[in-house]
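Here is what each chain is made of, one letter per residue.
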Amino acid sequence: MPGKDDYYPGPPGSVLHDARMSAGKSVLETAEALNLLNSYVEALENNDYSRFNSPLFARGYIKSYARYMGLDEEPLLKDCDRICRREEDNKDQTPTRPQGIAKAPGNAPLISALLISIFLWCVAIWVFGGKPEPELAINVLAERFAPLSAIKVEPSLGEVLLGSEGDELSVETPTSQHSGPAQAAELKFEFVEAVWLELRDFHNNIVVSGVQEKGEKLRFDVQGPVTISLAYWPAVISEYNGQKIELKSLVNSNAVRVQVGEL
């Protein structure tokens, strides 16, 4: 095994891939053992760190992968840092296009008149019927699932969150926390992996609850704001009245409960 100041002969992804193949493990087995998506394991083996929010996440996954395969993680992390620095340097050195001196076109009066007409048309739409797009409010509620750090690797995280004998999770029933009037809401969900979903409408009635399979797409017309509970939200693409529900900057756990509505 290389020392802490040495490097493996090859980039981190190749080393991890070769170790997995030598151990006779599939991508699926490795992903379940590390509580990762299959695509994340493949991205690590391809040295594609753009799939992760930041290099910090990639380093953490590489460390877990190396320990799982019985490898010394230090050389792999050093190579990961070198790859990330090289990518950042390439971005910084991207040449910018020189800007020349713009000359006023000969038909400037015509262009000015056209721009004024467009401006007046936009003002008329706004005054006589145009409505600004409502802002989507996402409120993270108290977590009803066991913290991820308290869940053992065996059985896999997915089995624990999704339940081993059915589609229901052991969660306490939330109470309605809506203070404003009900809204007409269209909810859309698309599932990249199998995910446990519970959707409650404005009146706290359960619209859907249970495991939704990979590749499934759902659409609901309900009264909002709504309460959404998800076990492994990163594998879900969701929309509320055509606006994407973004959770990356709001939550730290993969199991989350949020209240979503328009202001």
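The shown structure was predicted, so the numbers you read here are calculated from the model rather than taken from an experiment.

Reading guide: rules and limits
Residues numbered from 1 in each chain as written. Predicted model: local features only at pLDDT ≥ 70, side-chain atom pairs only at ≥ 80, totals over all residues. Heavy atoms only, no water. Helix = DSSP H or I, 4+ residues; strand = E, 2+ residues; numbered from the N terminus. Buried < 20%, exposed > 50% of the residue type's maximum accessible area, 1.4 Å probe, protein only. Contact = heavy atoms within 4.5 Å. Areas by Shrake-Rupley, 256 points an atom, 1.4 Å probe, with all protein chains shown as cover. Expected span 1.5 Å × (residues − 1). Arc of directions from axis to C-beta. Pairing = 2+ DSSP bridges. Core = buried A, V, L, I, M, F, W, Y, C linked by side-chain atoms within 4.5 Å. Salt bridge = Lys/Arg side-chain N within 4 Å of Asp/Glu carboxyl O. Axes fitted to C-alpha atoms, helices over the stretch in contact; angles between N-to-C directions. Parallel < 35°, antiparallel > 145°, perpendicular 65-115°, else oblique. Nonpolar A, V, L, I, M, F, W, Y, C, P; charged D, E, K, R; others polar.

Visitor: Can you tell me about the overall build of the chain, naming the residues and giving the values?
Guide: The helix and strand tally for the chain stands at seven helices and nine strands. The proportion of buried residues among the 263 residues of the chain is 37%. Across the chain, every contact between residues at least 6 apart in sequence was considered, and the portion connecting residues at least 24 apart equals 66%. For the chain, the exposed area adds up to about 16,200 Å²; of that, 53% sits on carbon and sulfur atoms.

Visitor: Before we move on, could you go through helix H4 (residues 55-68) and cite the residues and values that matter?
Guide: For H4, which comprises 14 residues, the first-to-last C-alpha distance of 20 Å matches the rise-based estimate of 20 Å (1.5 Å per residue) to within 8%. Along H4, the residues that are buried comprise Ala58, Ile62, Tyr65 and Ala66. For H4, the arc enclosing every buried residue in end-on projection is 95 degrees, short of the 170-degree limit, so these residues lie on one face. Residues Leu56 and Arg67 are exposed on H4 and point more than 90 degrees away from its buried face.

Visitor: Give a detailed account of the pairing of strand E2 (residues 183-191), specifying residues and quantitative values.
Guide: What you see with E2 is a clean split: Gln183, Ala185, Leu187, Phe189 and Phe191 sit on the buried side and Ala184, Glu186, Lys188 and Glu190 on the side with no burial. In this structure, E2 lies alongside strand E5 (residues 217-224), joined through eight bridges in antiparallel fashion. Among the inter-strand pairings, Ala185 is bridged to a residue of E5, identified as Val222. Two elements, E2 and strand E7 (residues 236-240), share five bridges in a ladder whose sense is antiparallel. Along E7, the bridge assignment pairs Glu190 with Ile237.

Visitor: Describe the nonpolar core, with residues and values.
Guide: Of all hydrophobic cores here, the largest spans 51 residues; its most connected members are Tyr49, Leu187, Phe189 and Ile228. The dominant element in this core, judged by the number of residues it contributes, is helix H5 (residues 73-92), at five residues. Not counting chain neighbours up to four residues away, the residues in contact with Tyr49 comprise Pro12, Leu44, Ala58, Ile62, Cys80, Ile83 and Cys84.

Visitor: Tell me about the pattern of salt bridges, and please be specific about residues and values.
Guide: Between side chains of opposite charge, pairing is possible as soon as their charged atoms come close. Following the criterion strictly, the structure yields six salt bridges and no others. Note that Glu186 is salt-bridged to Arg219, the shortest N-O span being 2.7 Å. Taken together, the residues Glu186 in strand E2 and Arg219 in strand E5 connect sequence positions 33 residues apart. When its relative accessible area of 48% is taken as the criterion, Arg219 is described as partly exposed.

Visitor: For the sheet that holds strand E6 (residues 226-231), give the residues involved together with the corresponding values.
Guide: Strand order across the open sheet formed by five strands is E1-E9-E6-E3-E4, with antiparallel pairing between neighbours. If you trace the sheet from one side to the other, it starts and ends with strand E1 (136-140) and strand E4 (206-212), each paired once. Neighbour-to-neighbour, the strand axes of the sheet open up by a mean angle of 15 degrees, direction not taken into account. Inspection of the sheet shows E1 paired to strand E9 (residues 255-262) by five bridges, in the antiparallel sense.

Visitor: How would you summarise the pairing of E7 if you had to cite specific residues and measurements?
Guide: Burial along E7 is one-sided: Val236, Ser238 and Tyr240 are buried, while Ile237 and Glu239, pointing the other way, are not. Relative to strand E8 (residues 243-244), E7 is paired through two bridges, and the arrangement is antiparallel. What sits directly across from Tyr240, in E8, is Gln243. Linking E7 back to E8 in an antiparallel pair, the connection comprises two residues, with Asn241 at a positive phi of about 50 degrees.

Visitor: Help me get a handle on the sheet that holds E2, residues and values and all.
Guide: Pairing is antiparallel in the open sheet, where four strands are placed in the order E5-E2-E7-E8. Pairing within the sheet leaves two strands with one partner each, and these edge strands are E5 and E8.

Visitor: Account for the packing of helix H2 (residues 27-34) against helix H3 (residues 38-45), naming residues and giving values.
Guide: In contact at an axis separation of 8 Å, H2 and H3 are set at 105 degrees when each is read in the N-to-C sense. Here H3 runs roughly perpendicular to H2, going by the angle between their axes. On the side of H2, the interface is formed by Val27, Leu28, Thr30 and Ala31, while H3 contributes Asn38, Val41 and Glu42. Counted by class, the contact of H2 with H3 contains four nonpolar, two polar and one charged residues.

Visitor: How would you summarise unusual backbone geometry if you had to cite specific residues and measurements?
Guide: The residue after Gly224, namely Pro225, is reached through a cis peptide bond having omega 0 degrees. With respect to the element layout, Pro225 can be found in the loop between E5 and E6. Residue Asn35 is not a glycine yet carries a positive backbone phi of 60 degrees. Positive phi, normally seen in glycine, also occurs at Asn204, with a value near 70 degrees. Topologically, Asn204 is positioned in the loop between strand E3 (195-200) and E4.

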